[in-house]
Amino acid sequence: MTTSAEIAQNPLLAPFLPPPASDEECLRFYRDMVRTRTYDRQMIVLQRQGKIGFTIPCEGEEACHIGAASTFRPEIDWLFPSYRQQGMALHLGVPVEDLVHQMFNNEKDAGSRGRQMPVHFSFVKPARWVSISSPLGTQIPHAVGCARAMQMKGEKGAALVCFGDGSTSTSGFHSGLTFAGVWKAPVVFLCDNNGWAISVPTHKQTASASFAVKGRAYGVPGVVVDGNDVLAVRDAVGAALERARQGGGPTLIEAVTYRIGGHSSSDDPRRYRPEGEVLQWQQRDPLARFETLLGERGLLNSSMKKDLEDRARDEVLAAVDAAAPLPPPPLDSIFEDVLAQQTPRLVRQRAELRSELERHGRSTSADGAFPL
Ligand SMILES: Cc1ncc(C[n+]2csc(CCOP(=O)(O)OP(=O)(O)O)c2C)c(N)n1
Ligand SMILES: [Mg+2]
């Protein structure tokens, strides 16, 4: 597996490597990995309590997300995440509360005003985070188009697009890589290979030696990195982003990791994968590994660790307390948020909705039931 040291030897990425992470940065990476895991586990609890409909945990993959986000430049780059990158949002400065408002689809859900599935975040600030879309791989050509636009306008940023191993089987992956290669677009493709696409293991997904090698056919260099090593991911993604910003073209990065939990709160992975496999990957837990490194460097001890965990728990519980009691967005907002000026048809539909509400009253169902 490619480590930081090997990335430093890679002639393609070496000239663009970010400076080594300072002690302070390393502690921030660790803090945000803890916050991400705490948030994820609490969302599962809320879903099991029937308070939210759905969640997608990223336990085991935190290093991929924090490492990648740490070299993203929100003021110039664009992010096209998949549905498992909540850690990136936290590391880029999105308050936990904003994530939780979206999970409850309440009136403070700023990105989608309660009209998206839970987990389908979108933010304009602090990161240019383009809305997650459910159809797999569709974000890939979006990111390439965005990168091409930046290139044509002479902007300095790059696009970073995240997707899973299963998403490499979509047409979006292949058309995205084709055009990125042809245009030398400033885009970094980050494939989290977490071993599974719901119940489909990687060996049934592809006969390729790796996912990274697929880039070769498109003229896009590919790199495999240890996705459970936050510093290795940071180096690989950081170097690829900088290379893209400087006109060097696209890179495909495969971060090898593992999905410890279910695909989503609707999934029971015990039905299709051996427990021994999970236990093996738990030995490579990205948080535990980073704790060991920080401990060896004298940056972390058990009382600091407990303090970070307590703070993360308090932060998430406070966000849940703030978000849970809020009502959904006002129904009228579905007419107000679409066009700057309402068309006669919208005015008519709004009047029709009002008269329906007068006749039947508004539904008060909020039992968390969800059709997935
Ligand atoms: C085009 C399309 N096909 C199927 C699905 C259903 N689906 C949702 S997530 C998923 C698995 C994706 O696996 P992967 O790309 O490896 O990402 P991971 O969930 O492992 O992070 C599937 C098949 C979908 N959302 N879109
Ligand atoms: Mg996967």
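Predicted, not measured: the structure shown is a model, and the values here were computed from it.

### Topic: the nonpolar core
Counting residues in each nonpolar core, the largest one holds 88 residues, and the members touching the most others are Val161, Val187, Val188, Leu190, Ala236 and Ile253. Residue contributions to this core peak at 10 residues, all from helix α9 (residues 230–245). Other than its neighbours up to four places away in sequence, Val188 contacts Ala158, Leu160, Val237, Ala240, Leu241, Ala244, Pro250, Thr251 and Ile253.

### Describing the environment of Pro330
Note that Pro330 resides in the loop between α12 (302–323) and α13 (333–336). The spatial distance from the C-alpha of Pro330 to the C-alpha of Glu275 is 46 Å, given a sequence separation of 55 residues.

### Some points on the site of ligand 1
Within the structure, ligand 1 sits among 17 residues, and Leu136, Gly164, Gly166, Ser167 and Ala197 are positioned closest to it. Of the residues that constitute the shell around ligand 1, the class distribution is 6 nonpolar, 7 polar and 4 charged.

### Describing helix α5 (residues 96–104)
For α5, a buried count of 7 out of 9 residues is recorded, marking the element as mostly surrounded by other parts of the structure. Turning to α5, its buried residues number three or more, namely Val96, Leu99, Val100, His101, Gln102, Met103 and Phe104. Tucked inside the fold, the buried residues of α5 contact α2 (23–48), α4 (86–91) and α12. Of the residues one or two after α5, Asn105 is the one with positive phi, at around 50°.

### Some details on the packing of helix α3 (residues 62–69) against α9
The N-to-C vectors of α3 and α9 enclose an angle of 40°; their axes lie 7 Å apart at closest approach. In terms of orientation, α3 lies oblique with respect to α9. The element α3 and its partner α9 pack so that their crossing is right-handed. The residues of α9 that touch α3, namely those facing Ala63, Cys64, Ile66, Gly67 and Ala68, are Val230, Leu231, Val233, Arg234 and Val237. For the contact of α3 with α9, a count of residues per class yields 8 nonpolar, 1 polar and 1 charged.

### Here we look at the pairing of strand β3 (residues 187–193)
For β3, the buried fraction is high: 7 of the 7 residues fall into the buried class. Burial of β3 is two-sided: the residues Val187, Phe189, Cys191 and Asn193 facing one way and the residues Val188, Leu190 and Asp192 facing the other way are all buried. Summarising the sheet, strand β2 (residues 159–164) and β3 pair through 6 bridges and their orientation is parallel. Bridging across to β3, Ala159 finds its partner in Val187. With helix α7 (residues 171–183) bridging β2 and the parallel β3, this β-α-β connection has right-handed handedness. Of the pairings in the sheet, the one linking β3 to strand β7 (residues 251–256) comprises 6 bridges and is parallel in character. Bridging from a neighbouring strand, Cys191 pairs with Glu254 of β7.

### A closer look at the environment of Val144
Within the secondary structure, Val144 sits in helix α6 (residues 139–153). We classify Val144 as buried; it has 28 C-beta atoms within 10 Å. For the pair formed by Val144 and Lys184, sequence separation is 40 residues and the distance between their alpha carbons is 9.8 Å. Setting aside residues no more than four positions away along its own chain, Val144 makes contact with Gly176, Phe179, Ala180, Ala185 and Val187.

### Some remarks on the sheet that holds strand β6 (residues 222–226)
Read across the open sheet, the 5 strands follow the order β1-β2-β3-β7-β6; overall the sheet is parallel. One side of each edge strand has no neighbouring strand; the edge strands of this open sheet are β1 (78–80) and β6. The average undirected angle you get between the axes of adjacent strands in this sheet is 20°. Pairing of β1 with β2, which is carried by 3 bridges, proceeds in the parallel orientation. Note that in β2 the partner of Trp78 across the bridge is Ala159. Packing of α9 onto the sheet brings it into contact with β2, β3, β6 and β7, and relative to β7 it is tilted by some 170°.

What counts, and where the lines are drawn
- Each chain has its residues counted from 1, following the order in which its sequence is written.
- Note on labels: chains are lettered from A, ligands numbered from 1, in written order.
- Only residues with pLDDT of at least 70 are given local features in this predicted model, and only at 80 or more are side-chain atom pairs given and counted; all residues enter the totals for whole chains, interfaces and linings.
- Only buried residues count toward a nonpolar core: Ala, Val, Leu, Ile, Met, Phe, Trp, Tyr and Cys, linked into one set through C-beta atoms within 7 Å.
- The exposure label follows from counting other C-beta atoms within 10 Å of a residue's C-beta, where the C-beta atoms are placed from the backbone and the thresholds are 20 or more for buried and 12 or fewer for exposed, leaving partly exposed in between.
- The secondary structure listing takes helices from DSSP runs of H or I that are at least 4 residues long and strands from runs of E that are at least 2 residues long, numbered from the N terminus.
- In this description, any two residues whose backbone-derived C-beta atoms lie within 7 Å of each other are considered to be in contact.
- Near, for a residue, is defined by distance from a backbone-placed C-beta atom to a molecule or strand, with 6 Å as the limit that must not be exceeded.
- Ten residues, namely Ala, Val, Leu, Ile, Met, Phe, Trp, Tyr, Cys and Pro, are considered nonpolar, four, namely Asp, Glu, Lys and Arg, are considered charged, and the remaining ones, Gly among them, are considered polar.
- Angles run from 0 to 180 degrees between N-to-C directions of axes, and those axes are lines fitted to C-alpha atoms, restricted for helices to the stretch in contact.
- Angular relationships are summarised with four words: roughly parallel below 35 degrees, roughly antiparallel beyond 145, roughly perpendicular across 65 to 115, and oblique for the angles in between.
- Helix crossings fall into two classes, left-handed where the near helix is turned counterclockwise from the far one by less than a right angle and right-handed where it is turned clockwise.
- Strands qualify as paired when DSSP identifies two bridges or more between them.
- We call a crossover right-handed when, viewed with both strands directed away from the observer, the connection leading from the first strand over the helix to the second proceeds clockwise.

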